[in-house]
Structures are given as structure tokens and as C-alpha cells.
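Okay, here's what each chain looks like letter by letter:
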Amino acid sequence: MPRIPNIAIDGPAGSGKSTVARAVAAKLNFLYVDTGAMYRAVTYLALKAALDFRKETSLAALTRDTNFSLVQHLRSGVIELWCNGEDVSPFLRTREVSQMVAWVAAVPHVRSHLVRCQRRFAKNGGVVMEGRDIGTVVLPDADYKFFLTAALDVRLARREQELNSQVQSFDKEELHREFIFRDEMDLKREAGPLKAAPDAIVIDCTELSVEEVVVKILDVCGGG
Ligand code: DC
């Protein structure tokens, strides 16, 4: 029997990759894996445990001691991330987590644990996985790889819209600074930096709607 393919979708914050990846997974009936949520979960757990974020060994130990599982509700399509028996999904998008997650994501031993776990999610195929290093590090053999980009002002506007829809108050300038800081950290870190795989299809989403990007991806993957 032919193996079910895996699809890797990478790109910077606000490129629209989460919405796109979720829609592609729903269309193909694949499992959607948001790897950013896993880095956010470690950050949330570290904040909850009042860990010192400068101590990389503590962050790595916390990651190693956490059992990650995904619970997909078939009817609603909602996917929850559970850590050691706790559904952490509602706590991953707070300002505190967003401010600290780039530090956590730069710790090599945190990354290596999470990469192993992400590979386990994809071992039987049928996964749409999104992040920063999926096509390059996590699933270099993914059957299809996409790298989504968009102009900074468009990415910022998307993030503002998302925060508004969650009724989270925010300072525009602070958001702008935070965004650029995270982009820099993602691009410059040594382990698993944000980078398009040489064999990834790059899609500039600046002037495309989510639906248009989804159609492009499904056309390539044969699900259109
Ligand atoms: O996609 P996001 O904004 O939820 O990602 C949160 C953070 O995790 C962001 O700083 C980038 C980082 N990340 C990463 O380093 N590698 C991934 N595969 C996914 C996210």
C-alpha cells in the first residue's frame, strides 16, 4: 500500500501558515500539527513553574519530562495540545508566552526533544505540519514542502486582526518591536533557524487570500 504523504509548511509569524495548514489538513483529512504550539507549551509550563529562563538545562529537563499528545475532535475539527494530562491549548497565546517563547525555541536541547516528538507524530504519514524548520530539520523527507512569505506590514496587520478577534488589548508599537525581535531570533539562531528548504515551493502570500494559497498547495499535492 502506498504511504500516505506528509506535508511541511514553514514561514515567519503572520505569513498565514497556520490558517492555511489547518485548511489543507481539513481538506485532505490529515492531522494538523502546529509545532509553534509545542514551543509555546514549554514556555507556558516554564512560566507556571517559575523557571529561570536563563537556565537552559532547566528548560531542557522540563521539555524532556513532558509528554505531548494531540487530541483531535473529529466533528468540530478542534485540536488540543495536552501536556502530562493537561490541555494547555487555552494558555498558549497570552502576551507572557509570546514574549518568552523565542528564548525557549533557541535552546538546542529543547529543540532536539521537540523535533523527536514531532517526528513521532508524522511517522505514519498523513500529517500537515507547520513551523519554521519542518522542511529542513524535522521532516527533510516530507513529500511536499512549502515556504510561505508575506511583506512585514501584511504580517503585522494579520497579527493585529488575530489579537483583536481574541479581544486581547495590545500596544501597536510594542507588537511591532516584538514581531521584529522574534523574526530576528528565528532567523539567526543556530539550531533550526527559519529557512526555506532548497526543495520547498515558496509562495508569497502578500497579495493572496487564504483560499488562493490553499488551492495552490492542494494543486501541488493532488488534493484540489
Ligand atoms: O508559530 P508561532 O508564532 O506559534 O511560534 C512560536 C515560536 O516558536 C516562534 O518564536 C518560533 C518558534 N518556532 C520554532 O522555533 N520552530 C518551530 N518549528 C515552530 C515555532
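Further up the page is the structure itself.
Residues numbered from 1 in each chain as written. Predicted model: local features only at pLDDT ≥ 70, side-chain atom pairs only at ≥ 80, totals over all residues. Heavy atoms only, no water.

**As for the packing of aromatic side chains**
One pass over the structure, following the stated rule, counts 2 aromatic pairs. Aromatic pair Trp103 and Phe181: ring centres 6.0 Å apart, planes at 50°, arrangement tilted. On the criterion of sequence distance, the pair formed by Trp103 in helix H4 (residues 95-105) and Phe181 in helix H8 (residues 172-188) is long-range, its members being 78 residues apart. Classification of Trp103 by relative accessible area gives partly exposed; the value is 44%. (Phe/Tyr/Trp six-rings, centres within 6.5 Å; stacked < 30°, edge-to-face > 60°. Helix = DSSP H or I, 4+ residues; strand = E, 2+ residues; numbered from the N terminus. Buried < 20%, exposed > 50% of the residue type's maximum accessible area, 1.4 Å probe, protein only.)

**What to know about helix H2 (residues 35-48)**
The end-to-end C-alpha separation of H2 is 20 Å, in line with the 20 Å expected for 14 residues at 1.5 Å each. Among the 14 residues in H2, 11 count as buried, and that is most of the element. Restricting attention to buried positions, one finds in H2 the residues Thr35, Ala37, Met38, Tyr39, Arg40, Ala41, Val42, Thr43, Tyr44, Leu45 and Ala46. Its side-chain oxygen placed 3.1 Å from the backbone nitrogen of Gly36, Asp34 serves as the N-cap of H2. (Expected span 1.5 Å × (residues − 1). Polar contact = N/O pair within 3.5 Å; in protein donor to acceptor, adjacent residues only side chain to side chain.)

**Structural notes on unusual backbone geometry**
The phi dihedral of Ala50 is positive, around 55°, even though this residue is not glycine. The backbone phi angle of Asn84 is positive, close to 45°, even though this residue is not glycine. As for its placement among the helices and strands, Asn84 is situated in the loop between strand E4 (79-83) and strand E5 (86-87). Look at Asn84 and you get partly exposed, because its relative accessible area is 48%.

**Description of the layout of surface pockets**
Each pocket or cavity is described by its volume, and for the largest pocket that value is around 1,000 Å³. Looking at the largest pocket, it is lined by 43 residues, and the ones nearest its centre are Ser18, Tyr32, Asp34, Arg93 and Glu130. Elements supplying a minimum of two residues to the lining of the largest pocket: helix H1 (17-28), strand E2 (31-34), H2, E4, H4, strand E6 (127-131), helix H7 (152-165) and H8. Sort the elements by how many residues they give to the lining of the largest pocket and H2 lands first, with 6 residues. Broken down by class, the residue content of the lining of the largest pocket amounts to 15 nonpolar, 12 polar and 16 charged. Considered as a void within the structure, the second largest pocket measures approximately 200 Å³ in volume. (1 Å grid on protein atoms, 1.4 Å probe; cavity = no way out; pocket = protein on both sides within 12 Å on 5 of 7 lines; lining within 4 Å. Points joined across faces, edges and corners; volume = space filled by probe spheres on them. Nonpolar A, V, L, I, M, F, W, Y, C, P; charged D, E, K, R; others polar.)

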